[in-house]
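Fold and geometry: a report
The chain contents come next:
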Amino acid sequence: MVPELPEVEAARCGIAEQLTGRRVTGFELYRPRLLQALPGRGLELLRGTYLIEVGRWGKYLWLVFESLATLVHLKLTGQLVARGSTVPGFAAGHPVPPFDAPLPHKSTALRLDFEPDVALYLTDVRHFARLWLLPVDELANTLASLRLGPDLLSTEFTFETFRQRLERRRSRRLKPVLLDQTVVAGIGNIYADESLWQAQLHPEHVVGELAEDELRRLYDGIQETMRLAVPLGGARIVHGKAVPPIGQFPFVHGRAGQPCPRCGAPVVKVQVDGRGTYLCQLCQPSPDAALRRSRLAARAGRSE
DNA sequence: AACTACTCCTGGAGGC
DNA sequence: TGCCTCCAGGAGTAGT
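Notes on the structure follow.

Rules used in this analysis
Residues numbered from 1 in each chain as written. Chains lettered and ligands numbered in written order. Predicted model: local features only at pLDDT ≥ 70, side-chain atom pairs only at ≥ 80, totals over all residues. Heavy atoms only, no water. Pairing = 2+ DSSP bridges. Helix = DSSP H or I, 4+ residues; strand = E, 2+ residues; numbered from the N terminus. Axes fitted to C-alpha atoms, helices over the stretch in contact; angles between N-to-C directions. Buried < 20%, exposed > 50% of the residue type's maximum accessible area, 1.4 Å probe, protein only. Salt bridge = Lys/Arg side-chain N within 4 Å of Asp/Glu carboxyl O.

The next subject is the sheet that holds strand S2 (residues 51–57). Within the open sheet, the 4 strands sit side by side as S2-S3-S4-S9. Their pairing is antiparallel. Each edge of the sheet is formed by a strand with only one pairing partner; in this case those strands are S2 and strand S9 (130–134). Adjacent strand axes in the sheet meet at a mean angle of 15° when their direction is disregarded.

So this is what it looks like as C-alpha coordinates:
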(Lines give C-alpha, C1' and ligand atoms only; values in the text may rest on other atoms or scores of the structure.)
Protein backbone atom coordinates (compact mmCIF):
# COMPACT_ATOMS: atom_id res chain seq x y z
CA MET A 1 0.00 0.00 0.00
CA VAL A 2 1.39 3.30 -1.02
CA PRO A 3 0.82 5.87 1.69
CA GLU A 4 -1.66 8.45 0.46
CA LEU A 5 -3.67 11.02 2.32
CA PRO A 6 -5.57 8.56 4.55
CA GLU A 7 -2.40 6.83 5.71
CA VAL A 8 -0.56 10.08 6.34
CA GLU A 9 -3.59 11.40 8.18
CA ALA A 10 -3.50 8.30 10.39
CA ALA A 11 0.13 9.07 11.20
CA ARG A 12 -0.70 12.71 11.92
CA CYS A 13 -3.46 11.70 14.31
CA GLY A 14 -1.23 9.21 16.10
CA ILE A 15 1.55 11.72 16.52
CA ALA A 16 -0.83 14.48 17.57
CA GLU A 17 -2.48 12.33 20.21
CA GLN A 18 0.54 10.48 21.55
CA LEU A 19 3.63 12.59 21.00
CA THR A 20 2.68 16.26 21.01
CA GLY A 21 4.04 18.04 24.06
CA ARG A 22 6.69 15.41 24.68
CA ARG A 23 10.38 16.14 24.71
CA VAL A 24 12.94 14.52 22.40
CA THR A 25 15.57 12.67 24.37
CA GLY A 26 17.60 11.25 21.49
CA PHE A 27 17.64 9.73 18.04
CA GLU A 28 19.37 7.22 15.81
CA LEU A 29 19.83 8.03 12.14
CA TYR A 30 20.30 4.64 10.49
CA ARG A 31 20.23 5.93 6.94
CA PRO A 32 21.65 9.43 6.47
CA ARG A 33 20.30 9.72 2.92
CA LEU A 34 16.84 10.09 4.43
CA LEU A 35 17.78 13.67 5.20
CA GLN A 36 17.24 16.05 2.35
CA ALA A 37 18.50 19.36 3.66
CA LEU A 38 20.88 19.90 6.54
CA PRO A 39 23.61 17.36 7.25
CA GLY A 40 22.93 14.65 9.79
CA ARG A 41 24.12 16.62 12.75
CA GLY A 42 21.13 18.91 12.26
CA LEU A 43 19.11 16.34 14.11
CA GLU A 44 21.20 17.15 17.18
CA LEU A 45 19.16 20.32 17.44
CA LEU A 46 16.12 18.22 18.33
CA ARG A 47 17.61 16.87 21.53
CA GLY A 48 15.91 18.29 24.56
CA THR A 49 13.23 20.20 22.64
CA TYR A 50 9.48 19.67 22.75
CA LEU A 51 7.20 18.64 19.91
CA ILE A 52 4.85 21.57 19.61
CA GLU A 53 2.57 20.65 16.74
CA VAL A 54 2.05 18.27 13.86
CA GLY A 55 0.45 19.11 10.53
CA ARG A 56 -0.34 17.62 7.18
CA TRP A 57 -1.08 18.87 3.69
CA GLY A 58 -1.82 16.18 1.16
CA LYS A 59 0.84 13.52 1.61
CA TYR A 60 3.29 15.85 3.34
CA LEU A 61 3.57 15.66 7.12
CA TRP A 62 5.43 18.05 9.38
CA LEU A 63 6.48 18.05 12.99
CA VAL A 64 7.28 21.38 14.57
CA PHE A 65 9.72 21.28 17.47
CA GLU A 66 10.93 24.23 19.48
CA SER A 67 14.26 24.19 17.68
CA LEU A 68 13.48 22.89 14.23
CA ALA A 69 10.74 21.75 11.89
CA THR A 70 10.80 18.43 10.05
CA LEU A 71 8.90 17.83 6.84
CA VAL A 72 8.32 14.22 5.83
CA HIS A 73 7.16 12.50 2.66
CA LEU A 74 6.67 8.72 2.91
CA LYS A 75 6.67 8.29 -0.89
CA LEU A 76 5.97 4.68 -1.90
CA THR A 77 6.84 2.51 1.04
CA GLY A 78 7.42 4.67 4.09
CA GLN A 79 5.82 3.82 7.41
CA LEU A 80 5.69 5.50 10.81
CA VAL A 81 5.40 3.36 13.93
CA ALA A 82 5.41 4.56 17.53
CA ARG A 83 5.99 2.22 20.43
CA GLY A 84 6.57 2.67 24.10
CA SER A 85 5.47 1.87 27.60
CA THR A 86 3.71 5.20 28.08
CA VAL A 87 1.59 5.27 24.91
CA PRO A 88 -0.79 2.88 23.14
CA GLY A 89 1.41 3.13 20.06
CA PHE A 90 0.35 3.43 16.45
CA ALA A 91 1.38 2.37 12.96
CA ALA A 92 0.58 3.97 9.64
CA GLY A 93 1.83 3.83 6.09
CA HIS A 94 3.12 0.93 4.03
CA PRO A 95 2.54 -2.34 5.92
CA VAL A 96 5.90 -3.89 4.98
CA PRO A 97 7.65 -4.75 7.18
CA PRO A 98 4.60 -5.86 9.19
CA PHE A 99 3.46 -3.28 11.68
CA ASP A 100 4.30 -5.69 14.50
CA ALA A 101 7.79 -6.61 13.25
CA PRO A 102 10.75 -6.07 15.58
CA LEU A 103 12.18 -2.56 15.27
CA PRO A 104 14.53 -1.23 14.17
CA HIS A 105 14.14 -3.17 10.94
CA LYS A 106 17.06 -3.33 8.49
CA SER A 107 15.23 -0.69 6.44
CA THR A 108 14.51 1.62 9.37
CA ALA A 109 15.92 5.03 8.50
CA LEU A 110 15.35 6.98 11.72
CA ARG A 111 14.34 6.49 15.32
CA LEU A 112 13.28 9.46 17.42
CA ASP A 113 13.08 8.98 21.18
CA PHE A 114 10.57 10.86 23.25
CA GLU A 115 10.22 11.24 26.97
CA PRO A 116 9.26 9.07 28.72
CA ASP A 117 10.07 5.82 26.91
CA VAL A 118 8.50 6.27 23.47
CA ALA A 119 10.21 5.64 20.14
CA LEU A 120 8.98 6.81 16.74
CA TYR A 121 10.40 4.78 13.86
CA LEU A 122 10.48 5.81 10.21
CA THR A 123 10.99 2.67 8.15
CA ASP A 124 11.05 2.45 4.36
CA VAL A 125 11.97 -0.71 2.46
CA ARG A 126 12.62 1.11 -0.81
CA HIS A 127 14.39 4.10 0.70
CA PHE A 128 12.41 6.69 -1.24
CA ALA A 129 11.04 8.52 1.78
CA ARG A 130 12.56 11.91 2.51
CA LEU A 131 12.82 14.10 5.56
CA TRP A 132 13.70 17.79 5.39
CA LEU A 133 15.05 19.66 8.39
CA LEU A 134 14.38 23.35 8.33
CA PRO A 135 14.12 26.35 10.59
CA VAL A 136 10.59 26.67 11.97
CA ASP A 137 10.08 30.02 10.29
CA GLU A 138 10.89 28.55 6.89
CA LEU A 139 8.24 25.84 7.03
CA ALA A 140 5.46 27.98 5.58
CA ASN A 141 7.60 29.12 2.65
CA THR A 142 8.78 25.61 1.96
CA LEU A 143 5.21 24.34 1.89
CA ALA A 144 4.19 27.20 -0.38
CA SER A 145 7.00 26.35 -2.78
CA LEU A 146 5.47 22.91 -3.29
CA ARG A 147 2.47 24.61 -4.93
CA LEU A 148 0.10 22.00 -3.57
CA GLY A 149 -3.58 22.19 -4.40
CA PRO A 150 -6.16 22.22 -1.61
CA ASP A 151 -5.96 19.37 0.86
CA LEU A 152 -8.85 16.95 0.36
CA LEU A 153 -9.90 17.10 4.00
CA SER A 154 -9.73 20.87 4.26
CA THR A 155 -12.60 23.28 3.93
CA GLU A 156 -10.76 24.74 0.90
CA PHE A 157 -11.66 21.65 -1.09
CA THR A 158 -15.08 22.73 -2.28
CA PHE A 159 -16.81 21.69 -5.47
CA GLU A 160 -16.41 25.20 -6.84
CA THR A 161 -12.66 25.24 -6.16
CA PHE A 162 -12.31 21.78 -7.67
CA ARG A 163 -14.22 22.81 -10.79
CA GLN A 164 -12.10 25.93 -11.22
CA ARG A 165 -8.85 24.02 -10.86
CA LEU A 166 -9.96 21.42 -13.40
CA GLU A 167 -10.96 24.20 -15.77
CA ARG A 168 -7.26 25.08 -16.10
CA ARG A 169 -6.49 21.51 -17.17
CA ARG A 170 -9.22 21.04 -19.76
CA SER A 171 -7.07 19.21 -22.25
CA ARG A 172 -5.64 16.65 -19.86
CA ARG A 173 -6.99 13.25 -18.95
CA LEU A 174 -8.70 12.60 -15.66
CA LYS A 175 -6.33 10.22 -13.98
CA PRO A 176 -3.10 12.18 -14.41
CA VAL A 177 -4.95 15.29 -13.25
CA LEU A 178 -6.13 13.54 -10.09
CA LEU A 179 -2.56 12.41 -9.42
CA ASP A 180 -1.24 15.95 -9.91
CA GLN A 181 -0.68 17.28 -6.39
CA THR A 182 -0.84 20.87 -7.63
CA VAL A 183 -4.48 20.31 -8.60
CA VAL A 184 -5.62 18.69 -5.36
CA ALA A 185 -3.33 17.32 -2.67
CA GLY A 186 -3.55 13.82 -1.30
CA ILE A 187 -4.66 11.47 -4.05
CA GLY A 188 -2.33 8.70 -5.20
CA ASN A 189 -2.73 5.78 -7.52
CA ILE A 190 -5.02 3.73 -5.29
CA TYR A 191 -7.47 6.46 -4.38
CA ALA A 192 -7.51 7.87 -7.90
CA ASP A 193 -8.85 4.51 -9.09
CA GLU A 194 -11.30 4.31 -6.21
CA SER A 195 -12.59 7.85 -6.76
CA LEU A 196 -13.10 7.25 -10.48
CA TRP A 197 -14.93 4.02 -9.75
CA GLN A 198 -17.17 5.80 -7.25
CA ALA A 199 -17.87 8.47 -9.86
CA GLN A 200 -18.38 5.87 -12.61
CA LEU A 201 -15.95 7.72 -14.84
CA HIS A 202 -13.24 6.27 -17.06
CA PRO A 203 -9.70 7.46 -16.18
CA GLU A 204 -9.05 8.49 -19.78
CA HIS A 205 -11.86 11.01 -20.06
CA VAL A 206 -10.58 14.40 -21.12
CA VAL A 207 -11.31 16.91 -18.38
CA GLY A 208 -12.83 19.49 -20.71
CA GLU A 209 -15.38 17.00 -22.05
CA LEU A 210 -17.03 16.36 -18.73
CA ALA A 211 -20.49 17.72 -18.10
CA GLU A 212 -21.29 19.55 -14.89
CA ASP A 213 -23.00 16.53 -13.38
CA GLU A 214 -19.99 14.37 -14.18
CA LEU A 215 -17.67 16.83 -12.45
CA ARG A 216 -20.01 16.74 -9.50
CA ARG A 217 -19.90 12.93 -9.47
CA LEU A 218 -16.12 13.06 -9.50
CA TYR A 219 -16.02 15.47 -6.59
CA ASP A 220 -18.50 13.35 -4.66
CA GLY A 221 -16.52 10.22 -5.56
CA ILE A 222 -13.35 11.67 -4.08
CA GLN A 223 -15.22 12.73 -0.94
CA GLU A 224 -16.84 9.33 -0.56
CA THR A 225 -13.50 7.58 -1.05
CA MET A 226 -11.88 9.72 1.63
CA ARG A 227 -14.86 9.22 3.93
CA LEU A 228 -14.37 5.45 3.67
CA ALA A 229 -10.57 5.37 3.71
CA VAL A 230 -9.57 7.88 6.34
CA PRO A 231 -11.09 6.03 9.31
CA LEU A 232 -9.29 2.86 8.20
CA GLY A 233 -5.92 4.57 8.00
CA GLY A 234 -5.89 3.47 4.42
CA ALA A 235 -6.34 0.46 2.27
CA ARG A 236 -4.26 -2.60 2.77
CA ILE A 237 -2.48 -3.22 -0.49
CA VAL A 238 0.73 -5.18 -0.71
CA HIS A 239 2.43 -5.35 -4.07
CA GLY A 240 -0.73 -4.39 -5.83
CA LYS A 241 -2.90 -6.99 -4.16
CA ALA A 242 -5.54 -6.33 -1.58
CA VAL A 243 -4.75 -8.20 1.61
CA PRO A 244 -7.39 -9.31 3.97
CA PRO A 245 -10.00 -6.83 2.88
CA ILE A 246 -11.35 -4.55 5.50
CA GLY A 247 -14.95 -4.73 4.46
CA GLN A 248 -14.95 -4.23 0.72
CA PHE A 249 -12.49 -1.38 0.56
CA PRO A 250 -10.75 -0.83 -1.80
CA PHE A 251 -13.43 -1.73 -4.31
CA VAL A 252 -11.38 -2.06 -7.49
CA HIS A 253 -7.71 -1.24 -6.92
CA GLY A 254 -5.64 -4.41 -6.78
CA ARG A 255 -8.66 -6.55 -7.63
CA ALA A 256 -8.12 -7.53 -11.25
CA GLY A 257 -10.40 -10.42 -12.21
CA GLN A 258 -12.63 -10.03 -9.18
CA PRO A 259 -16.25 -8.93 -9.62
CA CYS A 260 -17.07 -5.25 -9.50
CA PRO A 261 -18.97 -4.72 -6.23
CA ARG A 262 -21.50 -2.59 -8.10
CA CYS A 263 -22.33 -4.63 -11.19
CA GLY A 264 -20.43 -7.91 -10.96
CA ALA A 265 -18.43 -7.49 -14.16
CA PRO A 266 -14.77 -8.42 -13.72
CA VAL A 267 -12.42 -5.64 -12.70
CA VAL A 268 -9.72 -5.11 -15.30
CA LYS A 269 -6.21 -3.73 -15.03
CA VAL A 270 -4.96 -1.35 -17.71
CA GLN A 271 -2.15 1.18 -18.07
CA VAL A 272 -3.03 4.85 -17.97
CA ASP A 273 -0.22 7.36 -18.12
CA GLY A 274 2.16 4.54 -17.25
CA ARG A 275 0.30 3.66 -14.06
CA GLY A 276 -1.39 0.40 -13.25
CA THR A 277 -5.07 1.33 -13.31
CA TYR A 278 -8.02 -0.76 -12.14
CA LEU A 279 -11.55 -0.15 -13.34
CA CYS A 280 -14.88 -1.69 -14.21
CA GLN A 281 -15.50 -1.55 -17.95
CA LEU A 282 -19.27 -1.62 -17.47
CA CYS A 283 -19.52 1.04 -14.77
CA GLN A 284 -16.78 3.20 -16.27
CA PRO A 285 -17.26 3.12 -20.05
CA SER A 286 -14.40 4.34 -22.17
CA PRO A 287 -14.92 7.79 -23.66
CA ASP A 288 -16.08 7.43 -27.22
CA ALA A 289 -13.33 8.66 -29.47
CA ALA A 290 -15.61 9.79 -32.28
CA LEU A 291 -17.83 11.72 -29.91
CA ARG A 292 -14.76 13.32 -28.38
CA ARG A 293 -13.56 14.49 -31.79
CA SER A 294 -16.90 15.91 -32.80
CA ARG A 295 -17.33 17.79 -29.54
CA LEU A 296 -13.87 19.29 -29.76
CA ALA A 297 -14.49 20.24 -33.38
CA ALA A 298 -17.77 21.90 -32.44
CA ARG A 299 -16.08 23.85 -29.67
CA ALA A 300 -13.26 24.94 -31.95
CA GLY A 301 -15.82 26.10 -34.51
CA ARG A 302 -17.76 28.14 -31.97
CA SER A 303 -14.69 29.80 -30.52
CA GLU A 304 -13.49 31.14 -33.87
C1' DA B 1 1.26 23.21 -22.07
C1' DA B 2 1.56 18.57 -21.90
C1' DC B 3 3.49 14.63 -23.00
C1' DT B 4 7.56 10.92 -22.32
C1' DA B 5 11.63 9.11 -20.12
C1' DC B 6 14.54 8.75 -16.46
C1' DT B 7 15.95 8.71 -11.50
C1' DC B 8 15.65 6.86 -6.96
C1' DC B 9 15.16 1.43 -4.63
C1' DT B 10 14.24 -3.38 -3.21
C1' DG B 11 10.94 -7.14 -1.97
C1' DG B 12 8.12 -10.08 -4.01
C1' DA B 13 6.22 -12.44 -7.94
C1' DG B 14 6.61 -15.07 -11.94
C1' DG B 15 9.26 -17.99 -15.14
C1' DC B 16 11.85 -21.99 -15.83
C1' DT C 1 13.98 -25.64 -4.31
C1' DG C 2 16.70 -21.95 -6.47
C1' DC C 3 18.17 -18.86 -9.39
C1' DC C 4 17.08 -15.01 -12.62
C1' DT C 5 14.48 -11.10 -14.36
C1' DC C 6 11.07 -7.84 -13.95
C1' DC C 7 8.06 -4.66 -11.92
C1' DA C 8 5.76 -1.11 -8.97
C1' DG C 9 5.35 3.70 -8.25
C1' DG C 10 5.54 9.66 -5.91
C1' DA C 11 7.55 13.22 -7.55
C1' DG C 12 11.28 15.83 -9.31
C1' DT C 13 13.79 16.79 -13.46
C1' DA C 14 15.11 16.89 -18.29
C1' DG C 15 14.03 16.47 -22.98
C1' DT C 16 10.62 16.85 -26.95
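So that's the structure; there's more coming.
So, on to the sheet that holds strand S8 (residues 118–124). Read from one edge to the other, the open sheet built from 5 strands follows the order S1-S7-S8-S5-S6, with strand pairing classed as antiparallel. Taken across any chain shown, the strands that pair with only one partner, and hence form the sheet edges, are strand S1 (24–29) and strand S6 (90–93). Taking each pair of neighbouring strands and ignoring which way they run, the sheet shows an average axis angle of 10°. As paired strands, strand S5 (residues 78–84) and S8 are joined by 7 bridges and run antiparallel to one another. Across the sheet, Leu80 pairs through a bridge with Leu122, a residue of S8.

Bringing the pairing of S8 into the picture now. Burial analysis of S8 places 7 of its 7 residues in the buried class, which makes it a mostly covered element. Examined bridge by bridge, strand S7 (residues 108–114) and S8 share 6 bridges and lie antiparallel to one another. Along S8, the bridge assignment pairs Leu110 with Leu122. The turn joining S7 and S8, which pair antiparallel and follow one another in sequence, is formed by 3 residues; a positive phi near 60° is taken by Asp117.

Turning next to helix H5 (residues 189–199). Since there are 3.6 residues in each turn of an α-helix, residues three or four apart along the chain are aligned in direction. Burial runs high along H5: 9 of the 11 residues are buried. Every buried residue belonging to H5 is among Ile190, Tyr191, Ala192, Asp193, Glu194, Ser195, Leu196, Trp197 and Ala199, and all of these are buried. One or two steps after H5, the chain reaches Gln200, where phi turns positive at roughly 55°.

With that out of the way, let us pick up the pattern of salt bridges. Enumeration according to the criterion identifies 16 salt bridges in this entry. Here Arg47 and Glu44 are joined by a salt bridge, their closest N and O atoms 3.0 Å apart. When its relative accessible area of 39% is taken as the criterion, Arg47 is described as partly exposed. A salt bridge links Asp151 to Arg56; the nearest nitrogen and oxygen atoms lie 2.6 Å apart. Taken together, the positions of Asp151 in the loop between helix H2 (139–145) and helix H3 (159–167) and Arg56 in strand S2 put the pair 95 residues apart, joining distant regions of the chain. According to the relative accessible area criterion, Arg56 is buried, its value standing at 12%. Look at the salt bridges and you will find they share partners, linking Glu9, Arg12, Arg56 and Asp151 into a network.

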